[in-house]
Amino acid sequence: MSVDLSEVLVVGVTSRALFDLEEENAIFEHDGVRKYREYQEKNQDVPLKMGTAFYLVKSLLELNKQANKTVVEIVVMSRNSPETGIRILKSIEKYGLDITRLAFTGGEPMWPYMDAFGIDLFLSKDEDTVQAVIDSKSNCAAAVIYAPPTAFNPSGNTVKIAFDADAVLFSEDAEVIYKTEGIDSFHKYEDEHKDEPLKEGPFAKLLMKLSKIQASLPVTVELSPLRLAIVSSRSAPAHMRVINTLKKWGVYVNEVYFLGGMSKDKVLQAFGAHIFFDDQDVHLVSSSRVVPSGKVPYSSDSKLRM
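Here the structure is a predicted model, which is why all the values come from computation and not from measurement.

**Student:** Hey, could you run me through the packing of helix 2 (residues 22-31) against helix 3 (residues 33-42) in this one?
**Tutor:** Helix packing for two helices is described by the angle between their axes and how far apart those axes are. Taken N-terminus to C-terminus, the directions of helix 2 and helix 3 make an angle of 150°; their axes are 7 Å apart at the nearest point. Taken together, the axes of helix 2 and helix 3 are roughly antiparallel relative to one another. Across the interface between the two elements, E23, E24, I27, F28 and D31 from helix 2 touch V33, K35, Y36, Y39 and Q40 from helix 3. Residues that form the contact of helix 2 with helix 3 fall into these classes: five nonpolar, one polar and four charged.

**Student:** Just checking my understanding: could you explain the sheet that holds strand 1 (residues 9-14) for this structure?
**Tutor:** In sheet architecture, strand pairing relies on hydrogen bonds along the backbone and comes in two forms, parallel and antiparallel. In space, the ten strands of this open sheet follow the order 5-4-1-6-7-12-11-8-9-10, with mixed pairing throughout. For this open sheet the edge positions go to strand 5 (101-104) and strand 10 (255-258), each flanked by a neighbour on one side alone. For this sheet, the mean inter-axis angle between neighbouring strands, taken without regard to orientation, is 25°. Here four bridges tie strand 6 (residues 121-124) to strand 7 (residues 141-145), and the two strands are oriented parallel to one another.

**Student:** Before we go on, may I ask you to explain the packing of aromatic side chains in this structure?
**Tutor:** Here the structure, examined in full by the defined rule, presents ten aromatic pairs. Between F54 and Y55 the ring centres are 5.7 Å apart and the planes differ by 85°, which places this aromatic pair in the edge-to-face class. The two residues F54 and Y55 agree in class, both being buried. Seen in terms of ring centroids, F163 and F203 are 6.4 Å apart; in terms of plane orientation they differ by 70°. Their pairing is edge-to-face. Highlighted residues: F163 in strand 8 (residues 159-163) and F203 in the loop between helix 9 (183-192) and helix 10 (204-216), separated in sequence by 40 residues. The class of F163 is buried, set by a relative accessible area of 0%. Classification of F203 as buried rests on a relative accessible area of 0%.

**Student:** Please clarify how helix 5 (residues 86-94) should be interpreted in this entry.
**Tutor:** Residues separated by three or four positions in an α-helix point in the same direction, a consequence of the helix having 3.6 residues per turn. Taken as a whole, helix 5 has its buried residues at R87, I88, S91 and I92. Each buried residue of helix 5 lies within a common arc of 140° when the element is viewed along its axis, so the set occupies one face. Away from the buried face of helix 5 by more than 90 degrees, exposed residues E93 and K94 are located. Summarising the contacts, the buried residues of helix 5 are in contact with helix 1 (15-18), strand 2 (19-20), helix 2, helix 3, strand 4 (72-78) and strand 5. Positioned one or two residues after helix 5, G96 has a phi angle of 70°, which is positive.

Each value, and the rule that gives it
- Residues numbered from 1 in each chain as written.
- Predicted model: local features only at pLDDT ≥ 70, side-chain atom pairs only at ≥ 80, totals over all residues.
- Heavy atoms only, no water.
- Axes fitted to C-alpha atoms, helices over the stretch in contact; angles between N-to-C directions.
- Helix = DSSP H or I, 4+ residues; strand = E, 2+ residues; numbered from the N terminus.
- Parallel < 35°, antiparallel > 145°, perpendicular 65-115°, else oblique.
- Contact = heavy atoms within 4.5 Å.
- Nonpolar A, V, L, I, M, F, W, Y, C, P; charged D, E, K, R; others polar.
- Pairing = 2+ DSSP bridges.
- Phe/Tyr/Trp six-rings, centres within 6.5 Å; stacked < 30°, edge-to-face > 60°.
- Buried < 20%, exposed > 50% of the residue type's maximum accessible area, 1.4 Å probe, protein only.
- Arc of directions from axis to C-beta.

The following block contains the structure:
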């Protein structure tokens, strides 16, 4: 029997993104799979520590209770073999995470399974894995998770997701003009095209699905337990095109910040983002110290990589 996931947000999260497995990964890298397997089996009853994506996953699953229906599905994905995944399964149970779908690929690549599981968002700590997903041209958004901030511990049941604009929600066209021709050409181009919607970027469909879920919850969007924000380096007059594009898409975003080149970390901390997505390390290095953060790599054929 097929499952209709058109109204459900499906998040694929690797075990290293959900839990802190850095010590275990170091054993695997330095001592090989046999020592890694021995360590995991010896410690299978020791709960894993929370990873960067833990609070995001926990809060997203809470939406199912508030909606009185399934609006979020989490798929834990790992290249581990099933027998070494016992500790992961026990940790999921220990933290009370309502996760029923898992994929242990036994060392095989994960990217072929994105469409198979209907993944909308894929989170991993491994850049090569994320790059393979992006280059596969699957329908899901994908990001590389930074190390978790040391003091992040959100309160309440509201899940908050923040996005950069160009090359994340929107196409990289404007970013290319800015980097190749400078800020004046960028502003001139955006002003001339302010009434023309921006093209969709790698996270556009994710935003649209999140907005649809937000609208389906039994409260008004202003009071929704799912809050969406755009935190962009754009400034006036280039902000008009972003606002017009959102209206054209029929997407409601709770908060929008155009920072004109200011650092994003303090705004993200004030917003309390469970995760922030950006394409540039210059923003992510500082943001990842205060909120969980993920990098959106460019596709291998992107002009921004040339």
